[in-house]
Amino acid sequence: MPSLVLLAAGMGSRYGGTKQFSTFGPYDHLIIDYTILDAIEAGFEKIVVVIRKEIEPAFNETVFNKWKDRIDLRVVYQELDSLPEQYQPLEGRTKPWGTAHAVWMAENEINEPFAIANADDFYGREAIQKTCDQLKKMSSDKNGAFIIGYELGNTLSPNGSVSRGLCHVDESGNLINIEELKSIEERLGKIISETDKKERELRSEDLISMNLMGFTPSVFDAIREGFDRFYKNLNPGSTAEFYLANVLTRLLNEGVNVSVIPTNSQWFGVTYSEDKEWVNRQLTELHESGVYPDGL
């Protein structure tokens, strides 16, 4: 049965703190609570959470102890020194190694098709269900990957611009590439991205990657090989990170089909501290409409 890897080691710099332990909605739940519940309902049987050791006490108190008896819940750690022996941490580096490195930390816990998601993002029940259903169709001994594609209009913040990965797909719905766009916001009814003082209008229905993806275990080979190349090309003092987008590019170059599966789910983000009020309203509506119970 498929597993879910939740990335919870990062900090929300623009948000202004550790988002993972901020509560939302009418019953003060964590965002990760909704994702875990949706995963259980969808049919996931194991969840691996990637954290930093320094947040382990708070994680155990607020998350692990709450869910450990309802699903196989495991914890792994992402640290700057979480590297194979042939790599040495760069002197003076404090920046994490990136999302692909975080996923790599779960390798010893994964032997089956698995999904990854950000722990501090709300993905929606339909999207989580589609993810689990797709994973059940995948074979552990073959290369395979997919992205859940969100409509851009369902991922914007009302409180400022955002960066998004625009999925370009072929006629069969397979990924061609992901184009990283910055400074995206709605202006006078139009969605605009501004790069180098040049404006570009986007469509609300454009498909965006929000880091809800699925892979077979062979992806760890691509991560390992990709990190080796990434590390060897680092300059002293570099703050570059090894992202999942880099891994997807590697898979595409190797001829792996990466399908993009559309979802109508609303993505809730807390990019800015002002987003909390908006997310609270969205979650309140979901509780009032019966999508979620009072107590998760």
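Calculation notes
- Each residue is numbered by its place in its chain's sequence as written, counting from 1.
- Reporting of local features is limited, given that this is a predicted model, to residues whose pLDDT is at least 70; pairs of side-chain atoms are given and counted only at 80 or more, and all residues count toward the totals for whole chains, interfaces and linings.
- Here the side-chain values reflect all heavy atoms present in the structure, with hydrogen atoms and water set aside.
- pLDDT: the predictor's confidence for each residue, scored from 0 to 100.
- A contact between two residues is defined here by any heavy atoms of the two lying within 4.5 Å.
- Using a 1.4 Å probe on the protein chains alone, a residue whose accessible area is under 20% of its type maximum counts as buried, one over 50% counts as exposed, and one in between counts as partly exposed.
- Elements are defined by DSSP. Helices are runs of H or I of four residues or more, strands are runs of E of two residues or more, and each kind is numbered from the N terminus.
- The criterion for strand pairing is that DSSP finds at least two bridges linking the strands in question.
- Residues enter a nonpolar core if they are buried and are Ala, Val, Leu, Ile, Met, Phe, Trp, Tyr or Cys, with the set joined through side-chain atoms within 4.5 Å.

The name an unreviewed UniProt entry assigns to the protein is NDP-sugar synthase, from the organism Gracilimonas halophila.

**Focus: the confidence of the model for the protein**
Across the protein, the average pLDDT comes to 91, with 96% of residues at 70 or higher. For residues 11–16, every residue scores under 50 in pLDDT, and the model assigns this stretch 16 contacts once sequence neighbours within four places are set aside.

**Thoughts on the pairing of strand E4 (residues 46–51)**
Of all 6 residues in E4, 6 are buried; the element is thus mostly enclosed. Judged by which residues are buried, E4 turns out to be covered on both faces: Lys-46, Val-48 and Val-50 on one side and Ile-47, Val-49 and Ile-51 on the other are all buried. Bridge count for strand E1 (residues 3–7) against E4 is 5 bridges, and the pairing is parallel. Looking across to E4, one finds that Leu-6 is bridged to Val-49. Here E4 runs beside strand E5 (residues 72–77); their pairing, made up of 6 bridges, is parallel. What sits directly across from Ile-51, in E5, is Tyr-77.

**Side note on the pairing of strand E12 (residues 207–215)**
The buried count for E12 comes to 9 of 9 residues, which makes it a mostly enclosed element. Every second residue of E12 is oriented toward a common face, with Leu-207, Ser-209, Asn-211, Met-213 and Phe-215 on one face and Ile-208, Met-210, Leu-212 and Gly-214 on the other, all of them buried. Across 3 bridges, strand E6 (residues 114–118) lies against E12 in antiparallel orientation. Note that in E12 the partner of Ala-115 across the bridge is Gly-214.

**What about the nonpolar core?**
Core analysis: the largest hydrophobic core is formed by 56 residues, its most contacted members being Leu-6, Phe-44, Ile-47, Val-49 and Leu-283. A total of 7 residues in this core trace back to one element, the largest contributor, which is helix H1 (residues 31–42). Discounting residues that sit within four places of it in the chain, Leu-6 has contacts with Ile-32, Thr-35, Ile-36, Ile-47, Val-48, Val-49, Val-50, Ala-117 and Ala-119. Core analysis: the second largest hydrophobic core is formed by 40 residues, Trp-104, Ile-223, Leu-234 and Leu-248 among them.

**Structural notes on the environment of Ile-148**
Tracing the backbone shows Ile-148 in strand E7 (residues 145–151). With 21 residues separating them along the chain, Ile-148 and Ala-127 place their C-alpha atoms 7.1 Å apart. The residues touching Ile-148, leaving out its near neighbours within four places in the chain, are Ala-127, Lys-130, Thr-131, Ile-208, Ser-209, Leu-212, Ile-261 and Thr-263.

**Regarding the side chain of Thr-131**
Within the secondary structure, Thr-131 sits in helix H4 (residues 125–136). By relative accessible area, Thr-131 is classed as buried at 1%. Residues within four places of Thr-131 in sequence aside, it is in contact with Phe-44, Ala-115, Phe-146, Ile-148 and Leu-212.

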